[in-house]
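Spelled out, the chains give:
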Amino acid sequence: LQLLAMKKIPVPEPKSVGFMLSYRCTARCAHCMYFCSPEWEDDLTSAQELRRTLEILSHHVVPSPTGPNSIGLNHGLHFTGGEPFLQYERLLKATRVANDLGIPSLFVETNSYWGRDKKRARNKLLELKDAGLKGIMISVNPFYVEYVPFENTKNAIKTGKEVFGDDAIVYQKSYLREFERMGLQGTLNLEEYVNNRGGNLLNSAEFFLSGRAPYSVPRYKVAGMSPRPANFWFVKPCPTPLLREWHNHVDNYGNYVPGYCGGLTYGNIEDLQSLIADGLDSGKHRILARLAEDDMAGLLELAKDHGYMEKEGYYSKCHICLDLRTHLHESGEFPELKPDEFYERIRIERGG
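Being a predicted model, the structure only gives us computed values, none of them experimental. (Residues numbered from 1 in each chain as written. Predicted model: local features only at pLDDT ≥ 70, side-chain atom pairs only at ≥ 80, totals over all residues. Heavy atoms only, no water.)

Along the backbone of the chain there are 13 helices and nine strands. A compact globule built from 352 residues should have a C-alpha radius of gyration of about 20 Å, and the chain, at 20 Å, falls within 12% of that. With respect to the principal axes defined by its C-alpha atoms, the chain has extents near 60 × 50 × 35 Å. Residues classed as buried in the chain amount to 57% of the 352 residues present. The contacts in the chain between residues at least 6 apart in sequence include a share of 75% that link residues at least 24 apart. With an accessible surface of roughly 15400 Å², the chain has 48% of that area assigned to carbon and sulfur atoms. (Helix = DSSP H or I, 4+ residues; strand = E, 2+ residues; numbered from the N terminus. Rg over C-alpha atoms; globule rule 2.2 N^0.38 Å. Buried < 20%, exposed > 50% of the residue type's maximum accessible area, 1.4 Å probe, protein only. Contact = heavy atoms within 4.5 Å. Areas by Shrake-Rupley, 256 points an atom, 1.4 Å probe, with all protein chains shown as cover.)

Looking at the secondary structure, you find asparagine 155 in helix α5 (residues 150-164). A distance of 3.4 Å separates a polar side-chain atom of asparagine 155 from the backbone oxygen of arginine 116. (Polar contact = N/O pair within 3.5 Å; in protein donor to acceptor, adjacent residues only side chain to side chain.)

What follows deals with the packing of helix α2 (residues 47-58) against helix α3 (residues 88-100). Orientation of α2 relative to α3, taken along the N-to-C sense of each, is 40°, at an axis distance of 10 Å. As summarised for this structure, α2 and α3 are arranged oblique, according to the angle between their axes. As for the relative orientation of α2 and α3, their crossing is right-handed in sense. Of α3, the residues touching α2 (which contributes Ala47, Leu50, Arg51 and Leu54) are Arg90, Lys93, Ala94, Val97 and Ala98. Across the contact of α2 with α3, the residue classes tally to six nonpolar, no polar and three charged. (Axes fitted to C-alpha atoms, helices over the stretch in contact; angles between N-to-C directions. Parallel < 35°, antiparallel > 145°, perpendicular 65-115°, else oblique. Left-handed = near helix turned anticlockwise from the far one by under 90°. Nonpolar A, V, L, I, M, F, W, Y, C, P; charged D, E, K, R; others polar.)

In total, this model carries 18 salt bridges according to the counting rule given. Salt-bridge contacts for aspartate 42 lead to arginine 24; the nearest nitrogen and oxygen are separated by 3.7 Å. Note that aspartate 42 is positioned in the loop between β2 (17-20) and α2 and arginine 24 in the loop between β2 and α2, a separation of 18 residues in sequence. With a relative accessible area of 27%, arginine 24 lands in the partly exposed category. Here lysine 317 makes a salt bridge to aspartate 295, at a shortest N to O gap of 2.8 Å. Of this pair, lysine 317 sits in helix α12 (residues 317-329) while aspartate 295 sits in helix α11 (residues 286-305), placing them 22 residues apart in sequence. Side by side, lysine 317 and aspartate 295 carry an identical accessibility label, which is buried. (Salt bridge = Lys/Arg side-chain N within 4 Å of Asp/Glu carboxyl O.)

What follows deals with empty space enclosed by the protein. As enumerated under the stated definition, the model contains one cavity of 30 Å³ or more in all. Considered as a void within the structure, the largest cavity measures approximately 40 Å³ in volume. As for the largest cavity, its lining consists of Asn111, Ser139, Val140, Asn141, Tyr144, Val145, Val148, Phe150, Thr153 and Phe179. (1 Å grid on protein atoms, 1.4 Å probe; cavity = no way out; pocket = protein on both sides within 12 Å on 5 of 7 lines; lining within 4 Å. Points joined across faces, edges and corners; volume = space filled by probe spheres on them.)

In this section: the layout of surface pockets. Take a probe with the size of a water molecule and roll it over the atoms, and the empty space left behind shows itself. Looking at the largest pocket, its volume works out to about 850 Å³. Taken together, 40 residues form the lining of the largest pocket, with Phe208, Leu209, Ser210, Ser316 and Cys318 sitting closest to its centre. Breaking the lining of the largest pocket down by element, the ones donating at least two residues are α9 (239-242), α11 and α12. It is α12 that provides the largest number of residues to the lining of the largest pocket, a total of five residues. When grouped by side-chain class, the residues that make up the lining of the largest pocket number 26 nonpolar, nine polar and five charged. Its boundaries defined by the atoms lining it, the second largest pocket holds a volume of some 720 Å³. Contributing elements (two or more residues each) for the lining of the second largest pocket: β3 (77-80), β4 (106-110) and β5 (135-139). Looking at which element gives the most residues to the lining of the second largest pocket, the answer is β4, with three residues. Classifying every residue of the lining of the second largest pocket gives 18 nonpolar, 13 polar and three charged.

In this model, glycine 81 is joined to glycine 82 through a cis peptide bond whose omega is 25°. Along the chain, glycine 82 falls in the loop between β3 and α3. Along the chain, lysine 338 connects to proline 339 via a cis peptide bond; the corresponding omega equals -5°. With respect to the secondary-structure elements, proline 339 resides in the loop between α12 and α13 (340-350). With a phi close to 55°, phenylalanine 35 is a non-glycine residue in the positive phi region. Tracing the backbone shows phenylalanine 35 in the loop between β2 and α2. Judged by its relative accessible area of 0%, phenylalanine 35 is buried.

Listed below in C-alpha cells is the structure:
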C-alpha cells in the first residue's frame, strides 16, 4: 500500500471528447450510462464557464481523419447529455463558441424527440450548421423508441441527411432497418420488444451493461443474461478504457469523465494541464488507483475494507464497479466520485 501511495495515476489527454450540456433528458432509457432522466436539474454552466471549458478543450481535441469539417464517432468534439436539444439556445451558443475557437469535427448526438415538426427541425439544424456544427448523430435503438415516436426519428434522419449529408450518422443502423421492416409507428415498450424477439435483446449491435442497464434490463428476462460471481468478470481489464485518450467526457459540472465511466472523474477540467502533466496522487484518489493498478479485484478489496458485502452475482464488470462505487460514495471520502446526484439516482432507481 505504501508503494501504491507513491505512484502517480496518468491522466489521458482528451483528444476526442463529449461535452455533456446537462444530465437532464426527455427519456429514462433502460441502458443509459449516466442515469439521465427528466428528474435531473438542468444545472447549466454559465456562459463564462462554457467558454472556458471549450477554450481548454480547443488545445487538445483532434479532427476526424477525413478532416476538421467532417465527423467521426470517436473524433473531434460532440455535444451530448442528457438530451442537448432540451436547451437549444445553450447548444447553439456552445456551437458558436466552439467553432470560433477552431475546435474541429463538431457534432451533436440526440434522441431526436424534436423531430416531429419537419419545418422546425430543419430550421434548427440549418441554424446549427450556420453556427459551425459539422454533423449530427441520431440514436436509434429499442431503449430510445420507448420514449421517442419512430416518426420523429425518421424525420430527424431525413432532415439531418438533407442538411449534413454523409455527416448525419445513424447509431445504430441495424435497429433502424429492423424498425422499418416492422412498420413501426409511435413508440414501442421495451418488454414487448424483447418478448417479440424471444428474449433476445441484441441485434448484432453494440450494447454495454453499464449505467442503468444492469439494474433495469435484467427484469425483461433477456436471453443469456444472468448474474455471475464477481471473480467471473475479473478477466476483463479496466486500465485500458480507464486511461484511453479518445471519447472521454466533460460534464456540466466541470468533471473530466473517463470514457463511459459515469460518476467517476479525474478532476475538474480547469485543472486539465496539471492533471495531464503531473497525474493524480494515488493516495488521494484511491478508487482510480485501485482500478488503474489492481483492476476490479483491488476496488472490491477497498470496498470490503469499508464494509461492503459482496453480492452473489453481477451482470457485468461495470455492474460490480457501480455497486462498489455507490457503496463507497456514502462515506464522502473519495473526491473522484462525482456528481453526487449520479449516485443519488442509482439509489433511488435500484430501490435503496
